[in-house]
Amino acid sequence: DQQVKQNSPSLSVQEGRISILNCDYTNSMFDYFLWYKKYPAEGPTFLISISSIKDKNEDGRFTVFLNKSAKHLSLHIVPSQPGDSAVYFCAASAFSSGYALNFGKGTSLLVTP
Amino acid sequence: NAGVMQNPRHLVRRRGQEARLRCSPMKGHSHVYWYRQLPEEGLKFMVYLQKENIIDESGMPKERFSAEFPKEGPSILRIQQVVRGDSAAYFCASSKNGLLAGQSSYNEQFFGPGTRLTVL
């Protein structure tokens with residue numbers, strides 16, 4: 001029962017262009033959303049988060065957009081850099097479940113020079 | 001300023017043996033979460049602990065798996081009588097705040113490097 005879905009397993013973008021990673025969720029109780037970046041053989045690294053009371057949060061080159069009515073969020077990286085190449089996981093949590101994170105399966109981003 | 005530490009990084013066990021995975025949270029963090037990642041899958045929540053308390057173990061298999069977070073020392077995830085299907089990467093995360101803290105602010109979870117368990 002996958003409550004968080006990342007339908008694109010991989011994405012390739014040219015350096016300097018925008019990377020857009022998408023995520024959909026099914027549980028309307030989710031009220032907090034996070035993006036993590038993961039390199040092989042390492043743990044996920046927290047990137048950026050957004051609560052359900054907002055529709056946008058920006059941190060440097062990273063912006064997360066939340067569309068609650070569509071149960072959809074996206075991560076924008078601009079400009080993309082080769083060092084951004086990694087697997088990106090979308091995660092969601094609900095206050096009612098004590099902040100246990102529900103993860104998508106990840107999108108592998110490749111930024112080419 | 002050490003992050004979340006996990007050991008061992010790699011663990012090999014034969015079927016029927018016990019596996020013990022350790023996690024030391026970040027300094028100042030009193031909430032620990034364990035996740036498991038099977039090949040080609042995302043991370044799946046297993047258990048959420050605060051010092052000396054299991055808060056939510058809804059993701060833990062009913063048998064063979066147990067977790068603790070004692071007053072002193074690391075959190076431990078214990079798998080008894082391991083089977084091949086237990087082979088996975090096990091990640092620990094910690095956070096400063098949590099449900100029982102009564103905080104209305106949200107908590108970011110910071111992950112350790114993981115323990116890769118291989119069952120032969």
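Data block above holds the structure.
The structure presented is a predicted model; accordingly, all values stated were derived computationally and were not measured.

A. A look at the interface of chain A and chain B. Every contact between the two is made by 23 residues of chain A and, on the other side, 25 residues of chain B. Between chain A and chain B, roughly 1,900 Å² of surface is buried when both sides are summed, and carbon and sulfur atoms account for 59% of that area. Inspection of the region where chain A meets chain B yields one salt bridge. Linking Lys105 of chain A and Glu41 of chain B is a salt bridge whose minimum nitrogen-to-oxygen distance equals 3.6 Å. In this structure, the connection of chain A to chain B is made through four residue pairs in polar contact (both at pLDDT 80 or more). Listed by contribution, the elements that provide at least two residues to the side of chain A that touches chain B are strand 4 (32-38) and strand 5 (45-51) of chain A. Broken down by element, the side of chain A that touches chain B gets its largest block of residues, four residues, from strand 4 of chain A. In the side of chain A that touches chain B, the residues fall into 12 nonpolar, seven polar and four charged.

B. View of the side chain of Ser80 of chain A. All names here are of chain A. Looking at the element boundaries, Ser80 is found in the loop between strand 8 (72-77) and strand 9 (86-93). Of note is the side chain of Ser80, whose polar atom sits 3.4 Å from the backbone oxygen of Ile77. Each residue touching Ser80, except ones within four places of it in the same chain, is listed here: Val13, Gln14, Glu15, Gly16, Arg17, Ile18, Ser19, Arg61 and Val111.

C. Just the state of the cysteines, in detail. Evaluated as defined, the whole model comprises two disulfides over all chains. A sulfur-sulfur separation of 2.0 Å characterises the disulfide bridge that pairs Cys23 of chain A with Cys90 of chain A. The sign of the -75° torsion about the S-S bond sets the Cys23 of chain A-Cys90 of chain A disulfide as left-handed. Residue Cys23 of chain A is found in strand 3 (residues 19-25), and its partner Cys90 of chain A is found in strand 9; the two are separated by 67 residues along the sequence. Across this residue pair, the class does not change: Cys23 of chain A and Cys90 of chain A are buried. The disulfide partner of Cys23 of chain B is Cys92 of chain B, and the gap between their sulfur atoms is 1.7 Å. The sign of the S-S torsion, about -50°, decides the handedness of the disulfide formed by Cys23 of chain B and Cys92 of chain B: left-handed. Taken together, the residues span a long stretch of sequence, with Cys23 of chain B in strand 3 (residues 19-24) and Cys92 of chain B in strand 9 (residues 88-95) at a distance of 69 residues. One exposure class covers both Cys23 of chain B and Cys92 of chain B, and it is buried.

What counts and how
For every chain, the first residue of its written sequence is number 1, and the numbers climb from 1 along that sequence. Just so you know, chain letters begin at A and ligand numbers begin at 1, following the order they were written in. With the structure being a predicted model, the display of local features is reserved for residues of pLDDT at least 70 and the display and counting of side-chain atom pairs for 80 or more, all residues being used for whole-chain, interface and lining totals. Calculated side-chain values reflect all of the structure's heavy atoms, with hydrogen atoms and water omitted. Residues are treated as being in contact if the distance between any of their heavy atoms lies within 4.5 Å. Two parts placed together each lose some accessible area under a 1.4 Å probe, and the buried area is that loss summed for both. By definition here, a salt bridge exists when the distance from a side-chain nitrogen of Lys or Arg to a carboxyl oxygen of Asp or Glu is within 4 Å. Here a polar contact is taken to be a pair of N or O atoms separated by no more than 3.5 Å, where protein atoms must pair a possible hydrogen donor with a possible acceptor and residues adjacent in sequence count only if both atoms sit in side chains. Secondary structure elements are taken from DSSP: a helix is a run of H or I of four residues or more, a strand is a run of E of two residues or more, and numbering for both begins at the N terminus. Three classes are used, and their members are as follows: Ala, Val, Leu, Ile, Met, Phe, Trp, Tyr, Cys and Pro are nonpolar, Asp, Glu, Lys and Arg are charged, and the others, Gly among them, are polar. Count a disulfide wherever a pair of cysteine sulfur atoms falls within 2.5 Å. The rule is simple: take the accessible area with a 1.4 Å probe, protein chains only, and divide by the maximum for that residue type; under 20% is buried, over 50% is exposed, in between is partly exposed.

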